[in-house]
Amino acid sequence: MSDLPFASPYVPNTDEDRAAMLAAVGATSIGDLFADIPVEFRHPELRIPAPMSEMELRQEMERLASRNFHAGTHSSFLGAGVYNHYCPAVIPPLVTRGEFLTSYTPYQPEVSQGTLQATFEFQTMTAQIFGMEVSNAGMYDGASAFAEAALMACRITKLARVALVSTVNPHYSEAVRSYARPQEIEVYTIEPNATELLPGTAAVLAQNPNFFGYIEDLQRLSDMAHAAGALFCLSADPVAAAMLKAPGAYNADIATGEGQALGVPMSFGGPYVGIFTCRKKYIRQLPGRIVGQTVDTKGRLGYVLTLQPREQHIRREHATSNICTSTALIGLWVTMYTALMGKRGMRHVAELCYQKAHYAAARIAKLPNYNLALEGTFFQEFVVRCPLPPAEVNRRLEERGIIGGLDVSGFIENGMLFCVTEVNSREQIEALAAALEGIE
Amino acid sequence: MPTTNPNLHEEAHNKRRTLMERSRAGRTGVALPACDVPPQIMPDASMLRGDLELPEITEGEVVRYFTYLSQLNFSVDTNFYPLGSCTMKYNPRINEAVAALPGFAMAHPLQSERQSQGTLEAFFTLQERLREVTGMASTSLTPLAGAHGELAGVLTIRAALDARGQSQRRKMLIPDTAHGTNPASAAMAGFDVVSVPSDPNGNIDIEALRAQATGDLAGVMFTQPTTLGLFDRNAIEMCNIVHEAGGLVYGDGANMNALLGRVKLGEIGFDVVHMNLHKTFSTPHGGGGPGAGPICVTEEISPFLPGPVVEKHEDETYHSVMPARSIGRMGGYQGNFGVLIRALTYITLLGGEGMLEISGNAVLNANYLLAKLRSVFELPYDRSVMHEVVFSAKRRKGASALDVSKRLLDHGFHAPTMYFPLVVAEALMIEPTETESKETLDSFIEMLFAIDAEAAEDEAFLHGAPYNTPVSRMDEARAARQPHLRWEPTESVAD
């Protein structure tokens with residue numbers, strides 16, 4: 001058996017095709033086509049390993065994947081913005097249908113009605129879940145959506161200062177600062193019980209549940225913002241919002257969120273989808289794509305990308321945002337999840353998370369040397385004060401096949417942020433409690 | 001809701017009912033688990049909501065509905081999709097299989113490093129591959145799409161200039177051929193945007209550039225190859241002028257497909273380059289994302305990269321770190337890992353040889369279209385092209401770029417990018433990619449000749465195209481004038 005020369009399975013041109021095409025072009029070799037590149041820079045050495053067969057590649061990738069701990073092999077109590085919820089089996093094959101997977105942004109509406117209508121559904125589902133008037137077609141993720149909300153609030157109010165509640169997820173706070181700094185927008189921190197804002201504040205930025213899993217006095221924060229002429233921007237968990245009062249009920253002007261919680265794989269941080277909703281009167285300040293319903297020349301109902309004069313391809317440096325490619329496919333994923341779960345399932349999943357988390361918290365709080373660090377109402381996450389540094393606790397939990405909570409000792413002494421969702425069985429919770437009991 | 005004609009289109013309208021219109025009280029799409037812990041005290045009723053209105057629909061109905069919707073789309077899997085500047089190449093399915101491995105898909109981004117060595121090794125390897133392709137010193141994989149990479153990239157330029165004590169440099173030059181994301185990203189990064197014209201050959205106008213090389217110059221955002229599909233022959237001189245004036249050069253790598261293994265942008269003077277992995281490295285576009293927009297930078301700019309980035313230690317372990325003077329986080333975690341792993345899979349399968357296969361065949365296919373179609377359309381810049389060719393449809397008055405594009409849809413070809421770049425009137429930007437066969441290109445060429453003949457005979461016919469698609473041309477003015485952006489709760493549910 002002889003060695004096969006390399007042939008890309010993705011390139012159909014044969015030597016014969018190439019010869020015919022080069023003749024049509026009037027070139028003698030493919031190298032000729034790169035003559036505009038100065039010769040001293042042309043065809044540099046490229047130190048990339050030799051091609052690999054699909055079989056060997058898969059084995060190599062399986063080797064890498066097997067080096068990770070994950071929620072399939074370990075019981076996991078890690079959340080902090082990324083949540084392990086059950087995803088119905090029907091979603092992956094449906095969402096990865098080639099017609100969805102391999103199409104582009106729907107610039108040609110006549111041949112993109114599938115993506116467009118699905119996006120209209122996304123806008124409906126997200127607006128419904130958050131109790132808000134309108135939604136855009138989605139942002140990159142929850143953190144960048146929150147940062148864009150801060151910028152949008154400054155555009156609306158023509159002010160350049162925002163108040164960030166101290167209990168917001170620190171990664172989100174960092175993203176807000178990364179976006180605000182170059183636009184010379186001042187970001188200052190307020191405590192959740194603050195009673196006043198600095199003059200000229202464009203928005204109060206809060207989170208529900210907050211980073212530690214608890215529910216702030218949101219009505220008070222909202223009223224304080226509005227009394228000062230600022231907008232109230234709330235980043236909310238869409239699963240929690242199926243049970244708890246939604247952002248709209250707190251008079252939020254802009255409500256954003258991480259769509260990952262709606263059954264999207266955790267995938268080590270992405271791709272996710274940022275939910276971005278607001279009051280209808282602000283639609284012309286929205287960042288990103290928006291799909292609207294209309295009719296064709298024959299009066300048939302259909303959908304198009306609309307309100308495009310906000311966007312970069314038309315307004316260039318005056319656009320509301322630079323966002324172009326976003327995460328439409330993940331938007332489709334959460335739309336399917338919401339449709340399948342529906343009115344009953346969404347509420348049920350939220351209540352399961354709440355019930356199991358409260359059971360777990362009560363179990364752990366009863367252990368000697370452990371107690372809950374915070375008071376108030378929480379949803380599916382809570383902070384436990386451990387007898388040892390959380391990193392050490394996690395190391396020992398790992399020995400028992402458990403991925404523990406997030407180390408928040410930077411905020412609360414020996415604090416560990418636990419998350420319990422519907423996928424954590426009572427058996428897992430008992431095993432966690434038993435393991436913690438043995439660590440002192 | 002817009003008025004429709006129910007008698008004419010009842011069946012079509014019925015098929016397109018939305019989820020809420022399909023909802024019937026009492027149906028459900030998932031078998032839900034019972035609660036296996038003792039009942040806990042619920043929060044005060046004042047904290048709960050009572051108004052959640054979502055669809056009630058079975059799994060089978062969801063499948064039929066979304067399958068129907070999918071069939072209304074053109075896609076790379078079903079159609080030739082020569083959308084210029086978007087690199088709509090075939091998306092290998094091994095990439096999907098790898099991304100779905102539980103060790104990747106079910107890994108949490110905040111797991112400890114020790115629990116995440118597989119992902120961190122993958123991150124590190126991809127950083128190295130991209131650094132090699134661009135000839136740069138280091139890589140950050142965190143930007144979540146192309147425009148996000150642009151923003152991250154120009155923020156690193158801003159930070160590097162500030163570190164040089166050059167905070168007065170806030171003028172960013174952008175050629176008139178650039179994508180709209182370039183000026184939008186520069187503005188978001190707090191730069192003042194100044195547009196630079198192109199010269200008659202389609203290169204950047206070097207004299208116009210030189211006139212802007214003043215003490216407030218921050219740099220230039222430059223797409224190579226340009227959106228005209230050309231390798232800009234003035235790029236090296238441009239880099240020299242900008243550097244001598246104290247500025248930095250940002251490279252938009254949207255069109256990197258043409259350059260793989262042919263030239264390294266870092267070697268010709270670029271300081272920062274972003275790449276669109278969803279273009280060049282064949283991760284699926286998904287109807288508008290997800291993407292990934294990693295950036296590669298020079299030694300000087302490395303400390304400012306957005307983080308975290310991954311380092312390999314001598315003991316063969318991998319660690320996430322924030323660069324010393326990082327511009328910070330651009331998103332929640334460490335980038336779109338699910339997209340990044342697909343790109344790494346693609347690069348690993350094809351290897352170095354495969355990279356040359358990509359660029360060589362992509363450029364050959366584009367030049368073949370140029371050679372065959374130049375008698376149908378005007379060619380504004382008569383030169384050999386790289387990954388795509390830009391024609392003007394203005395030769396035949398009466399058949400606009402829009403008309404030609406819409407008529408192509410009738411025959412199962414996705415339209416080229418239209419009316420972009422802005423410097424070409426009636427632009428048709430055609431990017432075939434390397435994954436299309438000569439047979440497909442030939443039938444596309446034949447179809448454009450046929451459409452041209454139709455235009456010569458009856459131009460009004462073309463204005464009415466498309467005729468064979470699920471809908472005809474849409475009333476976009478109406479959509480913008482009366483925004484209808486969601487199902488409204490007040491609507492009566494059709495039955």
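Keep in mind the model is a prediction, meaning the values are calculated, not measured.

Caption draft 1: Just the overall build of chain A, in detail. Looking only at helices and strands, chain A features 12 helices and 15 strands. Along the first, second and third principal axes, the C-alpha set of chain A runs to 80 × 60 × 50 Å. Within chain A, contacts between residues separated by at least 24 positions form 72% of all contacts whose residues are at least 6 apart in sequence.

Caption draft 2: Representation of helix H11 (residues 390–399) of chain A within the structure. All names here are of chain A. Along H11, the residues that are buried comprise Pro390, Val393, Asn394 and Leu397. Each buried residue of H11 sits inside an arc of 100° when the element is viewed along its axis, so together they form one side. Structural note: H11 exposes Ala391 and Glu399 on the side pointing more than 90 degrees away from its buried face. Packing partners of the buried residues in H11 comprise strand E13 (402–403), strand E14 (406–407), strand E15 (415–419) and helix H12 (426–437). Positive phi shows up at glycine 401, right after H11, with a value of about 75°.

Caption draft 3: Examining helix H7 (residues 170–180) of chain A more closely. All names here are of chain A. Of all 11 residues in H7, nine are buried; the element is thus mostly enclosed. What H7 keeps buried is the set His171, Tyr172, Ser173, Glu174, Ala175, Val176, Ser178, Tyr179 and Ala180. At its buried positions, H7 is contacted by helix H6 (142–157), strand E3 (161–165), strand E4 (186–190), strand E5 (203–208) and strand E6 (231–236).

Caption draft 4: Geometry of the environment of Arg22(B). All names here are of chain B. The residue arginine 22 is located in helix H2 (residues 19–22) in this model. You can call arginine 22 partly exposed: it has 19 C-beta atoms within 10 Å. Separated by 204 residues in sequence, arginine 22 and threonine 226 place their C-alpha atoms 47 Å apart.

Caption draft 5: Molecular detail of the pairing of strand E12 (residues 381–385) of chain A. Residues and elements named next belong to chain A. Among the five residues in E12, four count as buried, and that is most of the element. Here E12 pairs with E15 via five bridges, running antiparallel. Across the sheet, the residue bridging to phenylalanine 382 is phenylalanine 418, located in E15.

Caption draft 6: Quick peek at the packing of helix H12 (residues 337–373) of chain B against helix H14 (residues 438–457) of chain B. Residue and element names in this part refer to chain B. The N-to-C vectors of H12 and H14 enclose an angle of 30°; their axes lie 11 Å apart at closest approach. When the interaxial angle is binned, H12 and H14 end up roughly parallel. Where H12 crosses over H14, the two elements pack in a sense that is right-handed. Along its contact with H12, which presents Asn365, Tyr368, Leu369, Lys372 and Leu373, the element H14 presents Leu441, Ile445 and Leu448. Its residues assigned to classes, the contact of H12 with H14 shows six nonpolar, one polar and one charged.

Caption draft 7: Region of the structure containing the domain arrangement of chain A. All names here are of chain A. We note that the domain assignment places domain 1 (75–85 + 343–437) and domain 2 (91–336) within chain A. Each of domain 1 and domain 2 was reduced to a C-alpha centroid, and the two centroids are 28 Å apart. Between domain 1 and domain 2, the contact holds 22 residues from the first and 18 residues from the second. Of all the elements in the fold, those that place two or more residues in the side of domain 1 that touches domain 2 are helix H10 (328–365) and E12. The greatest single-element share of the side of domain 1 that touches domain 2, amounting to seven residues, is contributed by H10. Of the residues contributing to the side of domain 1 that touches domain 2, the split by class is 13 nonpolar, six polar and three charged.

Caption draft 8: Up close: the sheet that holds strand E12 (residues 427–430) of chain B. Residue and element names in this part refer to chain B. Pairing in this open sheet of three strands is antiparallel, and the strands run E10-E12-E11 from one edge to the other. Of all the strands in the sheet, just strand E10 (389–392) and strand E11 (417–418) have a single pairing partner and so form its edges. Two strands pair when backbone bridges link them, and E10 and E12 are joined in this way by four bridges, in the antiparallel orientation. Looking across to E12, one finds that valine 390 is bridged to methionine 429.

Caption draft 9: Geometry of the interface of chain B and chain A. Taken residue by residue, the interface counts 173 residues in chain B and 166 residues in chain A. Ranked by the residues each element gives to the side of chain B that touches chain A, the list is headed by H12(B), at 22 residues. In the side of chain B that touches chain A, the residues fall into 84 nonpolar, 60 polar and 29 charged.

Caption draft 10: Local environment of the sheet that holds strand E2 (residues 134–135) of chain A. All names here are of chain A. Across the sheet, which stays open at both edges, the seven strands sit in the order E2-E8-E7-E6-E5-E3-E4 with mixed pairing between neighbours. A strand with exactly one partner marks an edge of an open sheet, and here the two such strands are E2 and E4. Packing of helix H8 (residues 218–227) onto the sheet brings it into contact with E3, E5 and E6, and relative to E5 it is tilted by some 170°.

Caption draft 11: Region of the structure containing the pairing of E3(A). Residue and element names in this part refer to chain A. Of all the five residues making up E3, five are buried; the element is thus mostly covered by neighbouring parts of the structure. Alternating positions in E3 separate into two faces, Arg161, Ala163 and Val165 on one and Val162 and Leu164 on the other, with burial throughout. For E3 and E4, the ladder comprises five bridges, and the chain directions are parallel. Within E4, the residue paired with valine 165 across the bridge is isoleucine 190. With respect to chirality, the unit in which E3 leads through H7 into the neighbouring parallel E4 is right-handed. By the bridge criterion, three bridges tie E3 to E5 in an arrangement that is parallel. Bridged to valine 162 within E5 is alanine 203.

Caption draft 12: Spatial organisation of the nonpolar core. Residues and elements named next belong to chain A. Formed by 301 residues in total, the largest nonpolar core has its most connected members in Ala150, Val204, Leu205 and Cys233. Of the residues forming this core, the biggest block, 22 residues, is contributed by H10. Shared between two domains, this core takes at least three residues from each, and those domains are domain 1 (75–85 + 343–437) and domain 2 (91–336).

Caption draft 13: Local environment of the packing of helix H1 (residues 15–25) of chain A against H12(B). At a closest axis distance of 8 Å, the pairing of H1(A) and H12(B) adopts a crossing angle of 50°. As far as their axial angle goes, H12(B) and H1(A) are oblique. When you trace H1(A) past H12(B), the crossing you get is left-handed. Within the contact between the two elements, H1(A) uses Arg18(A), Met21(A), Leu22(A), Ala24(A) and Val25(A) and H12(B) uses Leu364(B), Asn367(B), Tyr368(B), Ala371(B) and Lys372(B). For the contact of H1(A) with H12(B), the residue count by class is seven nonpolar, one polar and two charged.

The rules behind these values
- Residues numbered from 1 in each chain as written.
- Chains lettered and ligands numbered in written order.
- Predicted model: local features only at pLDDT ≥ 70, side-chain atom pairs only at ≥ 80, totals over all residues.
- Helix = DSSP H or I, 4+ residues; strand = E, 2+ residues; numbered from the N terminus.
- Contact = placed C-beta atoms within 7 Å.
- Buried ≥ 20, exposed ≤ 12 C-beta atoms within 10 Å, placed from the backbone.
- Arc of directions from axis to C-beta.
- Pairing = 2+ DSSP bridges.
- Axes fitted to C-alpha atoms, helices over the stretch in contact; angles between N-to-C directions.
- Parallel < 35°, antiparallel > 145°, perpendicular 65-115°, else oblique.
- Left-handed = near helix turned anticlockwise from the far one by under 90°.
- Nonpolar A, V, L, I, M, F, W, Y, C, P; charged D, E, K, R; others polar.
- Domains from an automatic or database assignment.
- Right-handed = clockwise from strand over helix to strand, strands pointing away.
- Core = buried A, V, L, I, M, F, W, Y, C linked by C-beta atoms within 7 Å.

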